[in-house]
Amino acid sequence: MALSRCDHAVAGTRSWSPAPREISLGDNDIHIWCASLDDCREQRWRLEAVLSDDERERASTFHFAEDRDRFIASRGILRELLARYLHQPAAAITFSKGRFGKPEIADRGRSSRVHFNASHSGTLAIYAVTSACPVGIDIERVRDISDFDAVALRHFAPLEFRLLLAAPPDRRREAFLGYWTRTEAFLKATGAGLGGERRAAPSSDWHLHTLWPAAGYVAAVAYTHDAAQLSLWTFTEEALCRSQS
Ligand SMILES: CC(C)(COP(=O)(O)OP(=O)(O)OC[C@H]1O[C@@H](n2cnc3c(N)ncnc32)[C@H](O)[C@@H]1OP(=O)(O)O)[C@@H](O)C(=O)NCCC(=O)NCCS
């Protein structure tokens with residue numbers, strides 16, 4: 001089985017910057033946004049106002065207010081971001097689900113070329129938007145994980161498992177989460193086999209990049225477009241306000 005483009009050298013990217021005022025999505029662009037969900041508390045009512053009835057219903061099922069508020073922020077920001085690309089109001093965007101449950105933009109007209117994926121962990125959310133190809137993204141807060149060797153044996157490709165075991169003990173947790181996010185990003189890009197016992201590993205058609213959006217977090221993005229240009233942007237309240245104007 002061929003391995004994906006970045007399986008040997010974990011390509012890391014740490015240069016994040018505020019988004020430019022005007023955003024245009026070129027054919028090769030993959031825009032990656034990272035948002036701090038707890039920074040949006042003052043915008044909560046505004047973000048909640050753009051959610052669908054289903055999303056509000058889901059928000060109401062969270063036991064803890066903190067989790068509910070982060071869900072509202074992550075969905076509200078997703079809508080605000082997509083609104084900038086689709087040139088339609090955030091509240092008007094409708095989602096459908098792909099064959100394996102992957103959220104997509106429902107309108108199959110002009111928006112059918114915009115692919116997106118989202119992930120959240122701890123206080124951060126991360127989003128990928130592109131017209132180049134299907135995309136998957138995953139973020140994990142670095143934390144203690146019990147028995148990760150067994151998890152890795154079950155889910156990782158054999159080479160990744162060997163590389164994980166070869167990592168110095170004090171780096172193994174980060175190495176594990178690096179491979180984990182890359183695998184999740186790939187699975188989320190394809191949607192294929194989610195929830196199965198062992199799933200297809202990425203072939204050489206796939207690019208997998210590790211990202212470090214903030215201290216204490218690891219993320220990864222998966223895509224197939226060879227000429228892709230990644231832009232890494234932090235989502236700020238200012239960006240949110242600009243999207244409203
Ligand atoms: C569906 C799945 C991908 C979500 O992942 P997660 O880590 O729980 O959550 P994340 O925050 O990364 O992603 C959630 C987002 O992914 C998107 N998503 C949901 N289902 C998806 C699917 N089938 N495909 C791609 N994206 C999906 C949604 O935007 C969702 O956002 P929401 O919570 O606001 O609805 C996950 O539950 C899953 O099945 N993963 C594979 C399981 C596995 O064995 N992984 C091994 C990796 S080594």
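Residues numbered from 1 in each chain as written. Predicted model: local features only at pLDDT ≥ 70, side-chain atom pairs only at ≥ 80, totals over all residues.

Caption draft 1: Local environment of helix H3 (residues 65–86). Between the first and last C-alpha of H3 there are 31 Å, a value that for 22 residues agrees with the 32 Å anticipated at 1.5 Å per step. Where H3 terminates, the next one or two residues include His-87, which has phi positive at roughly 55°. (Helix = DSSP H or I, 4+ residues; strand = E, 2+ residues; numbered from the N terminus. Expected span 1.5 Å × (residues − 1).)

Caption draft 2: Just the site of the ligand, in detail. Taken together, 20 residues are adjacent to the ligand, and Gly-101, Lys-102, Ser-119, Thr-183 and Lys-188 come closest. Grouping the constituent residues of the shell around the ligand by class yields six nonpolar, nine polar and five charged. (Near = placed C-beta within 6 Å. Nonpolar A, V, L, I, M, F, W, Y, C, P; charged D, E, K, R; others polar.)

Caption draft 3: Molecular detail of helix H6 (residues 172–190). Here H6 is 19 residues long and its end C-alpha atoms lie 27 Å apart, about the 27 Å a rise of 1.5 Å per residue gives. Of the residues one or two after H6, Gly-191 is the one with positive phi, at around 75°.

Caption draft 4: Local environment of the nonpolar core. In terms of nonpolar packing, the biggest core is built from 56 residues, with Ile-77, Ile-126, Tyr-127, Ala-128, Ile-137, Val-221 and Ala-222 touching the most fellow members. Considering every element that reaches this core, the biggest residue donor is H6, with nine residues. (Core = buried A, V, L, I, M, F, W, Y, C linked by C-beta atoms within 7 Å. Buried ≥ 20, exposed ≤ 12 C-beta atoms within 10 Å, placed from the backbone.)

Caption draft 5: Here's a closer look at the confidence of the model for the protein. For the protein, mean pLDDT is 85; residues scoring 70 or higher make up 84% of the total. Low pLDDT (under 50) marks residues 5–11, which in the prediction has 14 contacts with non-local residues, meaning those over four places away or in another chain. (pLDDT = per-residue confidence, 0-100. Contact = placed C-beta atoms within 7 Å.)

Caption draft 6: Inspection of unusual backbone geometry at higher detail. Of note in the backbone geometry, His-87 takes a positive phi value of approximately 55° without being a glycine. Mapping His-87 onto the fold places it in the loop between H3 and strand S4 (95–97). Unlike most non-glycine residues, Asp-147 shows phi in positive territory, near 60°. With respect to the element layout, Asp-147 can be found in the loop between strand S8 (136–141) and helix H4 (148–155). Given 8 C-beta atoms within a 10 Å radius, Asp-147 is considered exposed.

Caption draft 7: Just the sheet that holds strand S11 (residues 229–235), in detail. Strands sit in the order S2-S11-S3-S7-S6 across an open sheet of five strands; the sheet is mixed. Because the sheet does not close on itself, it has two edges, and the strands there are strand S2 (17–18) and strand S6 (115–121). Note that strand S3 (residues 29–36) and S11 share seven bridges and pair parallel. Considered in S11, the bridge of Ile-30 is made with Leu-230. (Pairing = 2+ DSSP bridges.)

Caption draft 8: Region of interest: the pairing of strand S10 (residues 217–223). Of all seven residues in S10, seven are buried; the element is thus mostly enclosed. Residues of S10 alternate between two faces, with Tyr-217, Ala-219, Val-221 and Tyr-223 on one and Val-218, Ala-220 and Ala-222 on the opposite face, all of them buried. Note that S8 and S10 share six bridges and pair antiparallel. Each residue of the ladder has a partner; that of Ile-137, found in S10, is Val-221. With five bridges joining them, strand S9 (residues 207–211) and S10 adopt antiparallel strand pairing.

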